[in-house]
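# Structure assessment
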Amino acid sequence: MKLLFNIAWTHVSARVRQTLVGMAGVAMGVGFTIMMAGLMQGSQIDFLRQLVDTMPHITVDDERRSVPTQPAEQEYAAVQMADIANVGKRPGIKYPESVMSSLRSWIPGDVAPSVTTSAIIDHGGARIGITLTGIDPRREVQVSKLAAQMREGKLDDLSRAPNGIIVGEALAEKLGVKTGNTVLLVGGQDTRLNSTVAGLFRSGLKRVDESQIYSLAGTAQLMMGQSGVVNQLRLRLNDPMSAQKVAAQVEAQTGYKSVSWQEANADLLSTFTVRDFIVLTVMGAMLLTSSFATYNIISTITHEKRQDIAIMKSLGMREYAVRRIFIIESIIIGVVGILFGWILGYLLCYGWSKITIFNPLTGTTVPLQIYYSAMHYVVAGGISLLCCAGAAYFPARKATRVHPVDIIRGAS
Amino acid sequence: MTEVALQAVELVRRIEGVVSHTLVNGIDLAVNKGEFVAITGPSGSGKSSLLYLLGLLDAPSEGEIMICGQPTSKLSETERADVRLTKCGFVFQFHFLLPEFTSLDNVLLPMRAAGRMTEGEMRERGLALLGSLGLGEHANKRPNQLSGGQRQRVAIARALANRPEIIVADEPTGALDTASTEQVFSILRDIADQGQTVVVVTHDPALAARADRRIHIVDGKIAEITERGGGELVCEMVS
Ligand SMILES: Nc1ncnc2c1ncn2[C@@H]1O[C@H](COP(=O)(O)OP(=O)(O)OP(=O)(O)O)[C@@H](O)[C@H]1O
Ligand SMILES: [Mg+2]
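Just so we're clear, the structure is a prediction, and the values are computed from it rather than from any experiment. Positions within a chain are numbered from 1, following the residues in the order the chain's sequence is written. Throughout, the order in which chains and ligands are written sets their labels, letters from A for the former and numbers from 1 for the latter. In view of the model being predicted, local features appear only for residues whose pLDDT reaches at least 70, and side-chain atom pairs are presented and counted only at 80 or more, with totals across whole chains, interfaces and linings using the full set of residues. Working from all heavy atoms in the structure, the side-chain values ignore hydrogens and water.

Quick look at the overall build of chain A now. In terms of helices and strands, chain A carries 18 helices and 12 strands. Radius of gyration: over C-alpha atoms. The globule rule applied is 2.2 Å multiplied by the number of residues raised to the 0.38 power. Its C-alpha radius of gyration of 33 Å places chain A more than 25% over the 22 Å reference for a compact globule of 412 residues. The classification of residues rests on relative accessible area computed with a 1.4 Å probe and restricted to protein chains. Under 20% of the type maximum is buried, over 50% is exposed, and intermediate values are partly exposed. Relative to its 412 residues, chain A shows a buried fraction of 49%. In chain A, the share of contacts with a sequence separation of at least 24, taken over all contacts with a separation of at least 6, comes to 78%. Counting every atom, chain A has about 20100 Å² of accessible surface; 60% of that belongs to carbon and sulfur. Of the side chains in chain A, 39 bear a positive and 31 a negative charge, and the two mean positions are spaced by 12 Å. Secondary structure elements follow DSSP: runs of H or I no shorter than four residues count as helices, runs of E no shorter than two count as strands, and numbering proceeds from the N terminus. Contact between two residues is taken to exist if any of their heavy atoms lie within 4.5 Å; hydrogens are not considered. Accessible surface is estimated by sampling points in the Shrake-Rupley manner with a 1.4 Å probe; for residues, cover comes only from the protein chains shown. Working convention for charge: Lys and Arg count positive, Asp and Glu count negative, and His plus the chain ends are omitted. To locate a charge, take atom NZ for lysine, CZ for arginine, CG for aspartate or CD for glutamate.

Printed below as a string of structure tokens:
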């Protein structure tokens, strides 16, 4: 092996310029791939983090996923009931406190009750449909980052102002309201409520900031005309990624529809999958093209060294050993190229992180988020190395297959 | 009782093609251990072709080659390479040294490929071989810093590296001047006298006369064998 390496080394070190070009090709492929991976995953993780920070990880609603079996169905198997409308008021979650304490005993996180309804916010002629979530400010801290997302006022201010509400900054801007202003809330049964803007928040998610408002649970119940009802439990988990699993367990235990944040945002997440696929394809192609220069060099060397190949084979070196010389050469080029590619990739990522850009998802101008992961470096390097080995294999195989006698006859 | 180092049995090498061509046409030959055999013949008679077969560099179309009693016709390409590495040493008209390597590294190449000795032992043997061929001071020179005769001697040292039973040489002196030719030939003669078997193709009748046996080839067949026994030449015609 040492012998093969020595021979390989003499070949590449005798061709400094060509070798450098090959290394530069590999370095650029690896560098740009790392940059792309960092950018893509950075923006994705940034977005997911905002999603996870803003949304409850699991919401438990007072509905069931399928229409519950009717007593008549249970009694008489022959009868099937269909189209049974849930008319009237929201049923609410039964005994919410005992459900919550039983959940608290095993879920890795916390749970808080809330009252969710839809309403129309009316201010100065502008009418906008919104989701009103009634919360308990003391318990809210355990299940959401709302307290930290407050731009003006505090969660506690909800109880100080009459029918206080907390409005997203984006919505406030649309309506032209400020903290302390009074707006009109119009509910389902034409309940009308004058409420005071007690504070502003910004989650960073446009969708939430434009259509979500918070109030005390009592205010929301008033809007629904159902005092004392709790129609949603919101869970926050220590590990947001386990939400899907925990949601299924909660649903099995309580019978209530439990939706993980992943399920709630399935449409968004599926666009990520498509995006990931496209990006991976492009990166793979980039790494493949970056090994073309290496292919070129190895082809040239195998051609120039036909005589040496013949003589090594005639001396009794095995064909695959001779072939390995050229694969080692390409790996030398690859490894050095990859090392430079890593440096280049890091520098490019660093450069991008200094650039601020308008993010339409959050509606803000922030520095580009770069995700630094050793995995990017390992995977880009590994694939690149494979491409280089492959790029060397084919010309090397062709050259080492030649029968030594044919070359020796030709040369003498 | 002499031991047969190399034996060819009804050796045929044919090239199939649009026009088929028979390079070697039924050669029977036994070379004893320590014997020095010269192969002569007109140009295009198949001397090189025969030599490639004897050195296992090429595979016969028919017939068998036995090296130290071992048949070789059933061996795979890799096994033939292994036999070449340890049992046969090649010297060609052109030196075929690796240009990037020094003389010593070139001589070490077959030993390193075989990997049977430690690096220290290999270097010791490599230097000893170069020294015995009068190349002591040239061990660290590259082929392009050596004269033609010196290069050919390095090539001989390389052929001897793994102590092969058989040395085959195809016109090793073809490109050398008289002095260098004389030197290379006496080296080959010494090798045979020390017990290794040497088969040499040459055009030079004077050199062929110094061999133990001269085999004259015409059209891929043995035309004449000349033995040199106890100073007097015994001629024998083979039809
Ligand atoms: N690949 C081939 N295809 C067809 N004919 C070939 C091939 N290789 C060699 N020959 C022919 O085979 C014959 C024997 O060739 P070989 O090289 O063995 O001759 P030689 O005796 O060594 O000649 P020289 O003394 O000139 O070196 C020649 O006529 C040559 O033209
Ligand atoms: Mg010839």
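More follows now that the structure is in view.
Here we come to the interface of chain A and chain B. Tallying the contact residues gives 23 residues for chain A and 23 residues for chain B. Summed over both sides, the interface between chain A and chain B buries roughly 2300 Å², with carbon and sulfur atoms accounting for 67% of that surface. The largest share of the area that chain A buries against chain B comes from L3(A), I311(A) and L315(A), three residues that together contribute 24% of it. A carboxyl oxygen of Asp or Glu within 4 Å of a side-chain nitrogen of Lys or Arg is what we treat as a salt bridge. The tally of links from chain A across to chain B stands at two salt bridges. Between E100(B) and K305(A) there is a salt bridge; the shortest N-O distance is 2.5 Å. Two N or O atoms count as a polar contact when they lie within 3.5 Å, although within protein this holds only if one can serve as hydrogen donor and the other as acceptor, and sequence-adjacent residues are included solely when both atoms are side-chain atoms. There are five residue pairs in polar contact (both at pLDDT 80 or more) connecting chain A and chain B. Joining two parts hides part of their accessible area as seen by a 1.4 Å probe, and the buried area is that hidden amount summed over both.

Let us look at unusual backbone geometry. Residues and elements named next belong to chain B. With a phi angle near 50°, C68 is a residue other than glycine that sits in the positive phi range. If you trace the backbone, C68 turns up in the loop between β4 (62-67) and β5 (70-71). The phi angle at D219 is positive, at roughly 50°, despite the residue not being glycine. Tracing the sequence through the fold places D219 in the loop between β9 (213-218) and β10 (221-229). When its relative accessible area of 61% is taken as the criterion, D219 is described as exposed.

In any sheet, the strands associate via hydrogen bonds between backbone groups, in a parallel or an antiparallel arrangement. All names here are of chain B. Here, a strand pair is defined by DSSP locating no fewer than two bridges between the strands. One open sheet accounts for four strands, arranged β2-β1-β4-β5; its pairing is antiparallel. Where the open sheet ends on each side, the last strands, each with one partner, are β2 (21-32) and β5. Pairing of strand β1 (residues 4-15) with β2 involves nine bridges; the strand directions are antiparallel. Its bridge partner being in β2, I15 is matched across the sheet by H21.

With that settled, the discussion passes to the domain arrangement of chain A. One can read the domain layout of chain A as domain 1 (2-52 + 268-411) and domain 2 (58-80 + 89-259). In this document the domain limits rely on a domain assignment from an automatic tool or a database. Using C-alpha coordinates to define each centre, domain 1 of chain A is positioned 52 Å away from domain 2 of chain A.

Another point: the packing of helix α1 (residues 2-13) of chain A against helix α16 (residues 319-353) of chain A. Residue and element names in this part refer to chain A. Two elements in contact, α1 and α16, have axes whose closest approach is 8 Å; the angle formed by their N-to-C orientations is 55°. Relative to α16, α1 is oriented oblique. Crossing geometry of α1 relative to α16 is assigned as right-handed. The residues of α16 that touch α1, namely those facing L4, F5, I7, A8, W9, H11 and V12, are A321, R324, I325, F326, I328, E329, I332 and I333. The angle between two axes is taken between their N-to-C directions and runs from 0 to 180 degrees, where each axis is a line fitted to C-alpha atoms and a helix contributes only its stretch in contact. Angle categories: roughly parallel below 35 degrees, roughly antiparallel above 145, roughly perpendicular from 65 to 115, and oblique for all the rest. A crossing counts as left-handed when the near helix is turned anticlockwise from the far one by less than a right angle, and as right-handed when that turn is clockwise.

Attention shifts here to helix α6 (residues 178-193) of chain B. Residue count minus one, scaled by 1.5 Å, sets the expected span of a helix. Helix length check: α6(B), at 16 residues, gives a terminal C-alpha distance of 22 Å against a target of 22 Å (1.5 Å per residue), a fit within 8%. Inspection of α6(B) places S180(B), T181(B), V184(B), F185(B), I187(B), L188(B), R189(B), I191(B) and A192(B) among the buried residues, and these make up the whole buried set.

Our next topic: the layout of surface pockets. Residue and element names in this part refer to chain A. The distinction between a cavity and a pocket rests on a 1 Å grid over the protein atoms alone: a 1.4 Å probe fits inside a cavity but cannot get out, while a pocket stays open yet meets protein on both sides within 12 Å along at least five of seven lines, and a residue with an atom within 4 Å of a point counts as lining. Grid points are joined across faces, edges and corners, and a volume is the space filled by probe spheres set on the points. In this model, the largest pocket occupies a volume close to 560 Å³. Broken down by secondary-structure element, the contributors of at least two residues to the lining of the largest pocket are β1 (58-61), β2 (109-123), β3 (126-135), α9 (206-211), β8 (212-216), β9 (232-237), β10 (258-260) and α12 (261-264). In this count, Pro and Cys sit with the nonpolar residues alongside Ala, Val, Leu, Ile, Met, Phe, Trp and Tyr, while Asp, Glu, Lys and Arg are called charged and the others, Gly among them, polar. Residue classes in the lining of the largest pocket are distributed as eight nonpolar, 11 polar and five charged.

Right, let's get into a nonpolar patch on the surface. All names here are of chain A. Nonpolar side chains (Val, Leu, Ile, Met, Phe, Trp, Tyr) are joined into patches within 5 Å and like charges within 9 Å, using only residues with over 30% relative accessible area and no salt bridge. The grouping of F340, I343, Y346, L347, Y350 and Y372 at the surface amounts to a nonpolar patch, some 650 Å² of accessible area in total. In this structure, L347 sits in helix α16. Using a relative accessible area of 52% as the deciding quantity, one classes L347 as exposed.

Moving on: the pattern of salt bridges. Residue and element names in this part refer to chain B. Taken as a whole and assessed by the stated rule, the structure comprises 24 salt bridges over all chains. As a salt-bridge pair, R14 and E62 come within 2.9 Å of each other at their nearest N and O atoms. Here the residue R14 occupies a position in strand β1, and E62 occupies one in strand β4, the gap between them amounting to 48 residues. Here R14 falls in the partly exposed class, since its relative accessible area comes to 28%. On the basis of relative accessibility, which here comes to 38%, the residue E62 falls in the partly exposed class.

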